[in-house]
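One-letter residues, chain by chain:
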Amino acid sequence: MSQPKILMLLTSHGKLGDTGKQTGFWLEELAVPYLELSRAGAQVDLASPAGGRPPADPESEKSDHPAVKEFLADATATGKLADTIRLDDADTSKLASSYDAVLVCGGHGVMWDLAESPAVAKLLSKTYKDGRIVAAVCHGPAALVQATKPGGEPLVQGHRVAGFSNEEESAANLDGIMPFLLESRLRELGGKYENGPTWQPFAVRDGNLVTGQNPASSAAVAREVLAALAARA
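In this text the structure is predicted, and so the values were computed from the model without any measurement.

This part takes up the overall build of the protein. Secondary structure assignment for the protein yields eight helices and nine strands. For a compact globule of 233 residues, the expected C-alpha radius of gyration is about 17 Å, and the protein comes in at 16 Å, within 12% of that figure. Its C-alpha atoms give the protein principal-axis dimensions of roughly 45 × 40 × 35 Å. A buried classification covers 52% of the 233 residues belonging to the protein.

Given below as structure tokens:
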């Protein structure tokens, strides 16, 4: 395959329920895959429902992860982050056809907007229908809950799938704040949920669907996306 084009989706939601605290996307889950994919020669673009600069979870901005520092020092990367594609105004069918893969970054904000967004559901459903790669990490798989297969059944149904576990949500003391528990919802939709040890890297590739469990799984998800692209080629 010539230079693959990959679209990374970010949440535009910045409020952590009714707690009065801020949330958003998790910076490590953007930085690590962005750099891994870019180094492999991919063209990576960023999108969010509202467009412009999406909110990063304040806690993730405190990270000392080398990839976070490298991403923030990269003028091209930060320029894309400051001006993400606005999904709410986009032709999702055309957008899906423009990319070889769509990767949803995590962060608790995803649970409120990407999980409910008709535009995101259409984009991911069309990407899947066309045989392209659909990927998500940590809370990113929440964006899959409204997406469907061509026959109308849930996209995750029958697929091996990972995502932020109920145990991890409880350990973060946020299980009572989330609009739903991701692991439980994926199971309810017929996904064959799998997970590794708490906070440890764990990613699953099942055909053209790639999912990862938590922030530490970001690199593994990026590598599985590249492997899926190679297999597709």
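Another aspect to go through is the pairing of strand 9 (residues 209–212). Burial along strand 9 is two-sided: L209 and T211 and V210 and G212, pointing in opposite directions, are all buried. Sheet topology note: the strand 5 (residues 133–137)/strand 9 ladder contains four bridges and is parallel. Bridge pairing links A135 to V210 in strand 9. Between strand 8 (residues 203–206) and strand 9, which pair antiparallel in sequence order, lie two residues; one of them, G207, sits at a positive phi of approximately 65°.

The next point concerns the environment of D74. Position of D74 among the secondary structure elements: in the loop between helix 2 (66–72) and helix 3 (75–82). Between the alpha carbons of D74 and L35 there is a distance of 9.9 Å; along the sequence they are 39 residues apart.

With that settled, consider the packing of aromatic side chains. Enumeration according to the criterion identifies two aromatic pairs in this entry. Taking the centre distance of 5.3 Å and the plane angle of 90° together, the rings of Y34 and F71 count as edge-to-face. Placement of the pair is Y34 in helix 1 (residues 27–39) and F71 in helix 2, with a sequence separation of 37 residues. We classify F71 as buried; its relative accessible area is 0%. Summarising the aromatic geometry, the rings of F164 and W199 are spaced 5.7 Å apart at their centres and angled 55° between planes, so their arrangement reads as tilted. Within this pair, whereas F164 is found in the loop between strand 6 (160–161) and helix 6 (166–171), its partner W199 is found in the loop between strand 7 (192–193) and strand 8, the two being separated by 35 residues in sequence. Look at F164 and you get buried, because its relative accessible area is 4%. Over the ring of Y99 we find K5, and its NZ or CZ is 5.0 Å from the ring centre. The ring of F180 carries the charged tip of R185 above its face, separated from the ring centre by 4.3 Å.

Turning to the sheet that holds strand 1 (residues 5–9), a few remarks are in order. Taken together, seven strands build an open sheet; the order of strands is 3-2-1-4-5-9-8 and the sheet is mixed. Looking at strand neighbours, the two that pair on one side only are strand 3 (85–86) and strand 8, the edges of this open sheet. The pairing of strand 4 (residues 101–104) with strand 5 spans four bridges and is classified as parallel. From the neighbouring strand, L103 faces strand 5, where its bridge partner is A135.

All right, on to the environment of T92 then. Looking at the secondary structure, you find T92 in helix 4 (residues 92–97). Considering only alpha carbons, one finds T92 and P118, 26 residues apart in sequence, at a separation of 9.9 Å. Every residue in contact with T92, bar those within four places of it in the chain, is listed here: A119, K122 and L123.

This part is about the nonpolar core. It is characteristic of soluble globular proteins that their nonpolar side chains tend to be buried jointly. Formed by 71 residues in total, the largest nonpolar core has its most connected members in L9, L30, Y34, L124 and V225. Leaving out residues up to four positions away in the same chain, Y34 has contacts with M8, V44, L46, F71, T76, A77 and K80.

Now for helix 5 (residues 118–129). Across its twelve residues, helix 5 extends 16 Å between first and last C-alpha, which sits within 8% of the 16 Å expected from 1.5 Å per residue. Buried within helix 5 we find A119, V120, A121, L123, L124, S125, T127 and Y128. Looking at the buried side of helix 5, the elements it contacts are strand 1, helix 4, strand 4 and strand 5. Count one or two residues on from helix 5 and you reach G131, which has phi positive near 80°.

On to the pattern of salt bridges. Going through the model one piece at a time under the given rule, you end up with ten salt bridges. Across the pair E36 and R223 runs a salt bridge whose closest N-O atoms are separated by 3.9 Å. Of this pair, E36 sits in helix 1 while R223 sits in helix 8 (residues 218–232), and the two are 187 residues apart along the sequence. The exposure class assigned to E36 is partly exposed, which follows from its relative accessible area of 24%. Since its relative accessible area comes to 47%, R223 is described here as partly exposed. The closest approach of N and O atoms between R160 and E194, which form a salt bridge, is 2.6 Å. In this pair, R160 is assigned in strand 6 and E194 in the loop between strand 7 and strand 8, connecting sequence segments 34 residues apart. Since its relative accessible area comes to 24%, E194 is described here as partly exposed.

Conventions and cut-offs
- Residues numbered from 1 in each chain as written.
- Predicted model: local features only at pLDDT ≥ 70, side-chain atom pairs only at ≥ 80, totals over all residues.
- Heavy atoms only, no water.
- Helix = DSSP H or I, 4+ residues; strand = E, 2+ residues; numbered from the N terminus.
- Rg over C-alpha atoms; globule rule 2.2 N^0.38 Å.
- Buried < 20%, exposed > 50% of the residue type's maximum accessible area, 1.4 Å probe, protein only.
- Pairing = 2+ DSSP bridges.
- Phe/Tyr/Trp six-rings, centres within 6.5 Å; stacked < 30°, edge-to-face > 60°.
- Lys NZ or Arg CZ within 6 Å of the ring centre and 35° of its normal.
- Contact = heavy atoms within 4.5 Å.
- Core = buried A, V, L, I, M, F, W, Y, C linked by side-chain atoms within 4.5 Å.
- Expected span 1.5 Å × (residues − 1).
- Salt bridge = Lys/Arg side-chain N within 4 Å of Asp/Glu carboxyl O.

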